[in-house]
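# An overview of the molecular structure
These are the residues of each chain, in order.
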Amino acid sequence: MTPEQVTLVKESWEKVKPISEQAAELFYGRLFTLDPELKSLFKNDMSEQGKKLMATISLAVASLDRLETILPTVQALGQKHAAQYNVPESSYATVGEALIWTLQQGLGDAFTDDVKEAWLLTYSTLSAAMLSGTEATA
């Protein structure tokens, strides 16, 4: 990622944080619309799950300019999602689609093509790290 892309992701995320509860609801609503079978993976309170999601994204965004420091944690998260939650690898594309859609809804006109490209790169980088963690469970 270029420094400009990191800045775009960080600045756009700052705009989402004040509406994080609504963003989480939009995200999970979209995710379950795209793949209703994924709903069975969530056994806990969705409000708490939404808070965890937003906190995880916030940590990842804050660490974008030093990704190497969080990649082991991201890989471990992928391993946990595979081993404990039985998250199928195919769902990562669906999650990415739901995330980009949610950002578009939350940011409106501020979700420019450059912002979208920066978020797509961010998600592909992090999801690839999570998927590499799932290989440890195979």
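In the block above lies the structure referred to throughout.
Quick summary incoming for the structure in this document. Values in this document were obtained by computation on a predicted structure and should not be read as measured data. (Residues numbered from 1 in each chain as written. Predicted model: local features only at pLDDT ≥ 70, side-chain atom pairs only at ≥ 80, totals over all residues. Heavy atoms only, no water.)

In this structure, W13, I57, L103 and W119 are the most contacted members of the largest nonpolar core, which totals 35 residues. For this core, the elements supplying multiple residues, two or more each, are α1 (3-16), α2 (20-34), α3 (46-62), α5 (91-107) and α6 (113-134). In terms of residues, this core owes the most to one element, α6, which gives seven residues. Those residues in contact with W13, other than ones at most four positions away along the chain, are M54, I57, S58, V61, L103 and W119. (Core = buried A, V, L, I, M, F, W, Y, C linked by side-chain atoms within 4.5 Å. Buried < 20%, exposed > 50% of the residue type's maximum accessible area, 1.4 Å probe, protein only. Helix = DSSP H or I, 4+ residues; strand = E, 2+ residues; numbered from the N terminus. Contact = heavy atoms within 4.5 Å.)

Under the defined criterion, the tally for this structure stands at four salt bridges. K17 serves as the salt-bridge partner of E14, at 3.1 Å between the closest nitrogen and oxygen. You can call E14 partly exposed: its relative accessible area is 47%. D65 is the salt-bridge partner of R66, the closest N and O atoms lying 3.3 Å from each other. Owing to a relative accessible area of 39%, R66 belongs among the partly exposed residues under this scheme. (Salt bridge = Lys/Arg side-chain N within 4 Å of Asp/Glu carboxyl O.)

Once that is clear, we can look at empty space enclosed by the protein. Applying the stated criterion across every chain, the model contains one cavity of 30 Å³ or more. The volume enclosed by the largest cavity comes to roughly 30 Å³. Lining the largest cavity we find W13, V16, A23, M54, L99, T102 and L103. With three residues, the single largest contributor to the lining of the largest cavity is α5. Taken together, the residues that form the lining of the largest cavity break down as six nonpolar, one polar and no charged. (1 Å grid on protein atoms, 1.4 Å probe; cavity = no way out; pocket = protein on both sides within 12 Å on 5 of 7 lines; lining within 4 Å. Points joined across faces, edges and corners; volume = space filled by probe spheres on them. Nonpolar A, V, L, I, M, F, W, Y, C, P; charged D, E, K, R; others polar.)

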